[in-house]
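Here's the letter readout for the chains.
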Amino acid sequence: MAIQLKDVHFAYPEAPNNSKAPNNSILNIKNWSVSDREQVFVHGPSGGGKSTLLNLLSGILNASSGEVTVLGERLDKMNARQRDRFRANHIGYIFQQFNLIPYLGAVDNIQLARQFSKKNTQSTLFNEIKPLLTTFHIPEADWKKPVGKLSIGQQQRIAIARAMINKPELLIADEPTSSLDQDNRDNFMSELMTLASEHNITLLFVSHDMSLANYFGRIDALAKINSAAEKN
Amino acid sequence: MFMRLSSKSLLNRKGSVLLTIMAMSVSIFVLLGVEHIRSQTKESFNSTLSGVDLIVGARTGSLNLLLYSVFRIGSPTNNIDWETYQSISSNPKVAWAIPISLGDSHQGYRVMGTTADYFEYFSYGNKRQLSFSKGKPFEEIFDVVLGSQVAKKLGYSLGEEIVLAHGLGSTSFSLHRNNPFKVTGILATTGTPVDQTVHVSLEGIEAIHRNWQPGVTMPGSSSTNKPLHPLELEPEKITAFMLGLTSRMATFRIQRDINNYSKEPLSAILPGVALSELWQMMGLLENTLRLIAGLILISAVLGLSAMMLASIKEREREIQLLRVIGAPAFYLFLLIELEALLISLISMLLGTAGLYLSLIITRDLLSSNFGLHIGLNILSLNNTLFLLLVAVSTMIAAAIPSLTVYKVAHRGG
């Protein structure tokens, strides 16, 4: 199993009206799992506990109670440092936007992602980044430019490259196509799907855009996973 | 990578970072400058005179006497009689005496009339005696010995003739044109007011003022017309004199005797005591300056902290991103601290360089106008400690934004 959640419960420790935590809903998941190499599309409205779920799976947040098992490891039993390490080593992550540090170049951005993983070796690094950027059709002239100056489509492709550099077993995509136009979105989706199958990566794709659902074999509604969302 | 990330992040926020750097540089400039000038002034003053037990002049405050006789600052209140000098210097407990006669100048440099004993007994710094870089002491009436800076600035060499001006200031209207002096010696650099002094014999001073009415030379009375003899030129009045005693123990007795001298009102001062009086007076000023410099620094460091804190708001997504790619919360804490430290290091460099430059530009001005000899070694022990203090206070102030980032990171963005 790539992901297994059992009786997972989460509540933000802060006061519920804290503006810094817009998503203060409580997460409550009885039982939910994703098997290895599965490509799952999860849809739901924003504010339905989506970010919290993803933060739990990537180990940025820790569940208040219950078992969070990712790639066979119990995240709820790790300390913060171990979860940071685990995330760097095993999980790739793509956001809707702001996937990259805008003032760093593509190479630096990818290198940065590499720094926190166990595969932190500088010598072969450039040799790995080069083919990766070539695969994603980033012209060599743009490798060192601050990524903020590149097009959104290019930025999202570099984002995938960054997510892939540590050869993750699990790739989490959080509305990665919302900022793209139709053409770019189709390209992005097919590249992403090919990549996931080629590298045997478990893909968890979260979006509210149901038109993307046909790329996936399994479609889950967040509202069905999270029993707390209904009450709120 | 860590370094690259923080420096590029700073570059990305050029505007606010630059302003913060400027504010900090200015405060570091002030902090180091105050401390440097304070310690250098003290050192410069303390090393101006050594081995002189008493300074005697007309009745006045001890500071005033010290300042005009040694530092050539201010003006004498009154002159004293030559006879007084002779009677006091003939005291058996007096080992040597150096008379001083002030009041004339040359191109803004003060002229001091004295005797050849000056070159023998006067010492400065750590009991160092005056030495000649060129030539020898004055022998003739119209011989002159220049301080090193006078010679250098005005480009004089041995054998040249110069004209003294009556009164002080570089643009005097009444020159002693009839009696040019010949340069016979140039002193080695001492780093004291001696460097800015033009030394002539007492007889020389007497000669140029003979038949002199304030403002005009009497027609037909030019003293070059007839040869002058040193013995005829015994001075009537001098400004002050310095005493070296045979025994230190006698200092207070002689001082009391001089202060009670019946024929005219005199003041005798111990240079060391007068100097410490000066420092006491300056102490309040020094501490005020230090306090102001410290407050400026605190406000600059707080400004830095505020700037960083404001930037955190814009950077929340960046923080979230770094977290997602595996950066521990502590890494982000250190990142903000490093950025603050970088700003503070750049400011230190700029502040120190700025101070160095301004010292190079102003040191000649300070030494010729105020007799202050300011060295260029800014990084004294005290100042190095100050710089360390700046770094530490930066780290402490930056803890506020850093902890905020840490908290944001822990909450998961």
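Every chain's residues receive numbers from 1 upward, in the order its sequence appears when written. Labels are handed out in written order, letters beginning with A for the chains and numbers beginning with 1 for the ligands. Thresholds applied to this predicted model are a pLDDT of at least 70 for local features of residues and 80 or more for the giving and counting of side-chain atom pairs; totals over whole chains, interfaces and linings are not thresholded and use all residues.

**Side note on the overall build of chain A**
Thinking step 1. Where helices and strands are cited, they refer to DSSP runs of H or I of at least four residues and of E of at least two residues respectively, numbered from the N terminus. When helices and strands are tallied, chain A shows eight helices and nine strands.
Thinking step 2. Whether a residue is buried, exposed or partly exposed follows from its count of other C-beta atoms within 10 Å of its own C-beta, namely 20 or more, 12 or fewer, or something in between, respectively; the C-beta atoms are built from the backbone. Taking all 232 residues of chain A together, the buried fraction comes to 40%.

**Re the overall build of chain B**
Thinking step 1. For chain B, the count of helices and strands is 12 helices and 17 strands.
Thinking step 2. Looking at chain B as a whole, 41% of its 413 residues qualify as buried.
Thinking step 3. Once C-beta atoms have been placed from the backbone, residue pairs whose C-beta atoms lie within 7 Å are recorded as contacts. Sequence separation of at least 24 residues holds for 79% of the intrachain contacts in chain B that already meet a minimum separation of 6.

**Notes on the pairing of strand 16 (residues 240-245) of chain B**
Residues and elements named next belong to chain B.
Thinking step 1. For strand 16, a buried count of five out of six residues is recorded, marking the element as mostly surrounded by other parts of the structure.
Thinking step 2. When DSSP finds at least two bridges between two strands, those strands are taken to pair. The pairing of strand 3 (residues 94-106) with strand 16 spans six bridges and is classified as antiparallel. Bridge pairing in strand 16 places Ile98 opposite Met242.

**What to know about the environment of B:Tyr118**
Thinking step 1. Relative to the elements of secondary structure, B:Tyr118 occurs in helix 5 (residues 117-121).
Thinking step 2. Once residues lying within four places of it in the same chain are set aside, the contact partners of B:Tyr118 are B:Ile98 and B:His199.

**Remarks on the sheet that holds strand 1 (residues 3-10) of chain A**
All names here are of chain A.
Thinking step 1. The sheet built from four strands is open, its strands ordered 2-1-4-5 with antiparallel pairing. Looking at the sheet topology across the chains shown, the edges are occupied by strand 2 (27-34) and strand 5 (73-74).
Thinking step 2. Pairing of strand 1 with strand 4 (residues 65-70), which is carried by five bridges, proceeds in the antiparallel orientation. Along strand 4, the bridge assignment pairs Ile3 with Val70.

**Some thoughts on the interface of chain A and chain B**
Thinking step 1. Contacts between chain A and chain B engage 25 residues on the former and 18 residues on the latter.
Thinking step 2. Residue assignment for the side of chain A that touches chain B shows that the elements contributing at least two residues are helix 1 (50-58), helix 2 (80-90) and helix 3 (106-115) of chain A.
Thinking step 3. Looking at the side of chain A that touches chain B, its residues break down into 13 nonpolar, six polar and six charged. Each residue is assigned to one class: nonpolar for Ala, Val, Leu, Ile, Met, Phe, Trp, Tyr, Cys and Pro, charged for Asp, Glu, Lys and Arg, and polar for all the others, Gly among them.

**Here's the deal with unusual backbone geometry**
Thinking step 1. Here A:Asp7, not a glycine, exhibits a phi torsion of approximately 50 degrees, which is positive.
Thinking step 2. Note that A:Asp7 resides in strand 1.
Thinking step 3. C-beta crowding within 10 Å serves as the criterion here: with 12 such atoms nearby, A:Asp7 is assigned to the exposed category.
Thinking step 4. A positive phi angle, near 55 degrees, is found at B:Arg72, a position not held by glycine.
Thinking step 5. Mapped onto the elements of the fold, B:Arg72 is located in the loop between helix 3 (62-70) and strand 2 (80-81).

**Some points on the sheet that holds strand 7 (residues 170-174) of chain A**
Residue and element names in this part refer to chain A.
Thinking step 1. The parallel open sheet is built from five strands, whose spatial order is 6-7-8-3-9. Single-partner strands in this sheet number two, and they are strand 6 (91-94) and strand 9 (218-221). Strand after strand, the sheet turns through a mean of 15 degrees between neighbouring axes, direction not considered.
Thinking step 2. Contacts from helix 5 (residues 152-164) reach strand 6 and strand 7 within the one sheet, and its direction differs from that of strand 6 by about 165 degrees. Note on geometry: axes are lines fitted to C-alpha atoms, helical ones only across the stretch in contact, with angles between N-to-C directions running from 0 to 180 degrees.

**Here we look at the packing of helix 5 of chain A against helix 6 (residues 182-198) of chain A**
Residues and elements named next belong to chain A.
Thinking step 1. Helix 6 packs onto helix 5 with a crossing angle of 15 degrees between their chain directions and a minimal axis gap of 10 Å. One finds that helix 5 runs roughly parallel with respect to helix 6. Seen from above, helix 5 lies across helix 6 with right-handed handedness. Packed against helix 5, whose contacting residues are Gly153, Gln156, Ile160 and Met164, the element helix 6 presents Asn184, Phe188, Glu191, Leu192 and Leu195 at the interface.
Thinking step 2. Residues that form the contact of helix 5 with helix 6 fall into these classes: five nonpolar, three polar and one charged. For classification purposes, angles smaller than 35 degrees are called roughly parallel, those larger than 145 roughly antiparallel, those between 65 and 115 roughly perpendicular, and all remaining angles oblique. By convention, the crossing between two helices is left-handed when the near helix turns anticlockwise from the far helix through less than a right angle, and right-handed when the turn is clockwise.

**What to know about the domain arrangement of chain B**
Thinking step 1. Domain annotation of chain B identifies domain 1 (2-45 + 282-411) and domain 2 (54-269).
Thinking step 2. Its residues assigned to classes, the side of domain 1 of chain B that touches domain 2 of chain B shows no nonpolar, four polar and no charged. Domain borders in the structure are assigned automatically or taken from a domain database.

**Considering helix 3 of chain B**
Residues and elements named next belong to chain B.
Thinking step 1. Three or more residues of helix 3 are buried, namely Leu65, Leu66, Tyr68, Ser69 and Val70.
Thinking step 2. In this structure, the buried side of helix 3 is in contact with strand 1 (54-58), strand 3, strand 16, strand 17 (266-269) and helix 9 (271-314).
Thinking step 3. Phi turns positive one or two residues past the end of helix 3, at Arg72, with a value near 55 degrees.

**Regarding the nonpolar core**
Thinking step 1. A set of buried residues drawn from Ala, Val, Leu, Ile, Met, Phe, Trp, Tyr and Cys, joined through C-beta atoms within 7 Å, is what defines a nonpolar core. By size, the foremost hydrophobic cluster in this structure holds 100 residues, and its most contacted members are A:Ile172, B:Ile325 and B:Leu332.
Thinking step 2. The greatest single-element share of this core, amounting to 10 residues, is contributed by helix 11 (residues 329-370) of chain B.
Thinking step 3. In this structure A:Ile172 touches A:Leu54, A:Leu57, A:Ser58, A:Ile91, A:Tyr93 and A:Leu204, once residues within four positions along its chain are discounted.

**A short note on the environment of B:Thr184**
Residue and element names in this part refer to chain B.
Thinking step 1. Residue placement: Thr184 occurs in strand 11 (residues 181-187).
Thinking step 2. On a C-alpha basis, the gap between Thr184 and Lys136 in space is 6.0 Å, while along the polypeptide they are 48 residues apart.
Thinking step 3. The contact partners of Thr184, leaving out residues within four places of it in the chain, are Gly135, Lys136, Phe138, Asp143, Val144, Val145 and Leu158.

**Here we look at the pairing of strand 3 (residues 39-43) of chain A**
Residue and element names in this part refer to chain A.
Thinking step 1. Examined bridge by bridge, strand 3 and strand 8 (residues 202-207) share five bridges and lie parallel to one another. Each residue of the ladder has a partner; that of Val40, found in strand 8, is Leu204.
Thinking step 2. Two elements, strand 3 and strand 9, share four bridges in a ladder whose sense is parallel. Considered in strand 9, the bridge of His43 is made with Ala221.

**A word on helix 10 (residues 316-324) of chain B**
Thinking step 1. Among all positions of helix 10 of chain B, only B:Glu318, B:Ile319, B:Leu321, B:Leu322, B:Arg323 and B:Val324 are buried.
Thinking step 2. Within two residues after helix 10 of chain B, B:Gly326 carries a phi angle of roughly 110 degrees, on the positive side.

**Here's the deal with the packing of helix 3 of chain A against helix 5 of chain A**
All names here are of chain A.
Thinking step 1. Orientation of helix 3 relative to helix 5, taken along the N-to-C sense of each, is 30 degrees, at an axis distance of 8 Å. Between helix 3 and helix 5, the crossing angle belongs to the class labelled roughly parallel. Crossing of helix 3 over helix 5 shows right-handed handedness. Residues Ala106, Asn109, Ile110 and Ala113 of helix 3 lie in contact with helix 5, whose contacting residues are Ile158, Ala161 and Arg162.

**A closer look at the confidence of the model for chain B**
Atomic detail in the predicted coordinates should be set aside for any region of low pLDDT.
Residues and elements named next belong to chain B.
Thinking step 1. Put simply, chain B has an average pLDDT of 86, and 92% of its residues get 70 or more.
Thinking step 2. How sure the predictor is of each residue is captured by pLDDT, a score from 0 to 100. Taken together, the stretch residues 221-225 has pLDDT below 50 and engages in 10 contacts with residues farther than four places along the chain or on a different chain.
Thinking step 3. Here the complex is predicted with pTM 0.76, and the ipTM for its interfaces comes to 0.85.

**A short note on the confidence of the model for chain A**
All names here are of chain A.
Thinking step 1. Averaged over every residue, the pLDDT of chain A is 85; residues scoring 70 or more account for 90%.
Thinking step 2. When mean pLDDT is compared element by element in chain A, strand 3 scores highest at 93, while helix 8 (residues 227-231) scores lowest at 61.
Thinking step 3. In the model, residues 18-23 has pLDDT below 50 throughout and makes nine contacts with residues more than four positions away in sequence or in other chains.

**Quick look at the environment of A:Gln39**
Residues and elements named next belong to chain A.
Thinking step 1. Following the sequence through the fold, Gln39 ends up in strand 3.
Thinking step 2. Taking the number of C-beta atoms within 10 Å as the measure of exposure, Gln39 has 19 and is therefore partly exposed.
Thinking step 3. Sequence separation between Gln39 and Ile219 is 180 residues, and the spatial gap between their C-alpha atoms is 8.9 Å.
Thinking step 4. When neighbours within four sequence positions are excluded, Gln39 is seen to be in contact with Ala196, Leu203, Phe216 and Gly217.

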